[in-house]
Amino acid sequence: MDTATHITMGVAIGGLATIDPAVEQNPELFHAVFIGAIIGSHAPDFDTFFKFKDNATYIRHHRGSSHSPLAVLLWSLIVSLPLFLIFQDASFSHLWGWILLSVILHVFVDIFNAYGTQALKPFVNKWIALGWISTFDPYIFGLFSAGAIAWLLGADPVITYGAIFFVVFLYYIKRFLDKKEITDILQKHFPSATKIITQPTIRHNEWRVVIETPKFYFVADYDHGHIDIKDTFKKRDFPDSTEMNAAFQDDNVKSFRNFSPVYRYEIERHDDYTEIRFIDLRYRTDGHYPFVAVVTLDKFYNILTSYTGWIYSEEKLQKKLESLT
């Protein structure tokens, strides 16, 4: 989920924590839990600091190890211990328990969007991306924001957030059924489909989908039962060539391939260099596919430049590559 929604969920955990008599009866513990729940609800995304190193490192680690079971435990302790030192009259077990819940909730809700997480790492290194919920869902954000306002105006936080979590639970079930309906319809239209990837948008009935068959990739929009094919790409096996094998060794390309479940490639050969481009098919925007990995090789297959990340114009991509030379 997006940062704002994670924070509103942290506020919700802080309010729901008043169901705990120890929290309700101890103002110092309540303040510690409230602050900790908000920080904990965002803590796994502190891996954003990997961006200061480079995009390859960020893509490889964002929502990866930082969202694993061990990291969940570590984040909860990292947030709880300083707060316990500040609020020394607070019960550490109660403080840690509610902060742990806020961190778990963060990781749990992240698996439902198209980006996903490696929430079972190191036991399972596969990305878990269920594709039921948009990264920013206005309904979920609106509900938790309304809960915060109601609490501020004097509503009972346990009743308020208990009701909101129940409604959100029902909403998740509905979105699961929405996705199932969509995938069933797509499977009928594409009976040879080997993979169907769904990406909900902020508009409730509009979805982006990618259908992979043995011979083609189909990129489409799904709107109220209507399938609109935007692009069709013929599948090509990766050539067992020196230039492709060299590209596969590049860190940017490795990060891209580790993260992207469905992509295609293009090769452009010039007089003094070869450019190989890998294009993620999930994020089509205005006819453009912004998430890419690009590597250029000299005639001896040495890497000249490489880049992975979000680029919304060819001009910006070329400037990015030039800046790396």
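Residues numbered from 1 in each chain as written. Predicted model: local features only at pLDDT ≥ 70, side-chain atom pairs only at ≥ 80, totals over all residues. Heavy atoms only, no water.

**As for unusual backbone geometry**
In most cases, non-glycine residues show a negative phi, while peptide bonds are predominantly trans. You will see that H224, though not glycine, has its phi angle at about 50°, which is positive. Not every positive phi belongs to a glycine, and Y301 is a case in point at roughly 70°.

**Section: the sheet that holds strand 1 (residues 195–200)**
The 4 strands are arranged 1-2-3-4 in an open sheet whose pairing can be described as antiparallel. Looking at the sheet topology across the chains shown, the edges are occupied by strand 1 and strand 4 (226–234). Sheet twist, expressed as the average angle between the axes of neighbouring strands with direction ignored, equals 20°. Pairing of strand 3 (residues 216–223) with strand 4, which is carried by 8 bridges, proceeds in the antiparallel orientation. (Pairing = 2+ DSSP bridges. Helix = DSSP H or I, 4+ residues; strand = E, 2+ residues; numbered from the N terminus. Axes fitted to C-alpha atoms, helices over the stretch in contact; angles between N-to-C directions.)

**Focus: a nonpolar patch on the surface**
Nonpolar side chains collect at one region of the surface, where F166, V167, F169, L170, I173, F176 and L177 lie side by side and expose about 640 Å² of accessible area between them. Take F166: it is sitting in helix 8 (residues 157–189). (Patch = residues over 30% accessible without salt bridge, like charges linked within 9 Å, V, L, I, M, F, W, Y side chains within 5 Å. Areas by Shrake-Rupley, 256 points an atom, 1.4 Å probe, with all protein chains shown as cover. Salt bridge = Lys/Arg side-chain N within 4 Å of Asp/Glu carboxyl O.)

**Considerations on the packing of aromatic side chains**
Throughout the structure, instances matching the rule amount to 29 aromatic pairs. Each ring, one from F84 and one from F92, has its centre 5.4 Å from the other, and the planes form 75°; the classification is edge-to-face. Geometrically, the ring pair formed by Y283 and W310 is edge-to-face, given 4.8 Å between the ring centres and 65° between the ring planes. Here W310 lies in strand 8 (residues 303–310) and Y283 lies in the loop between strand 6 (274–280) and strand 7 (291–297), a separation of 27 residues in the sequence. Through a chain of ring-to-ring contacts, the aromatic side chains of F238, F248, F256, F259, Y263, Y265, F278, Y283, F291 and W310 assemble into a single cluster. The positively charged end of R236 is found above the aromatic ring belonging to Y265, 4.1 Å away from the centroid. (Phe/Tyr/Trp six-rings, centres within 6.5 Å; stacked < 30°, edge-to-face > 60°. Lys NZ or Arg CZ within 6 Å of the ring centre and 35° of its normal.)

**Examining the environment of D298**
As for its placement among the helices and strands, D298 is situated in the loop between strand 7 and strand 8. For D298, a relative accessible area of 18% gives the class buried. A C-alpha to C-alpha distance of 21 Å links D298 and E315, two positions 17 residues apart in sequence. Residues within four places of D298 in sequence aside, it is in contact with D272 and L304. Of note is the side chain of D298, whose polar atom sits 2.8 Å from the backbone nitrogen of F300. (Buried < 20%, exposed > 50% of the residue type's maximum accessible area, 1.4 Å probe, protein only. Contact = heavy atoms within 4.5 Å. Polar contact = N/O pair within 3.5 Å; in protein donor to acceptor, adjacent residues only side chain to side chain.)

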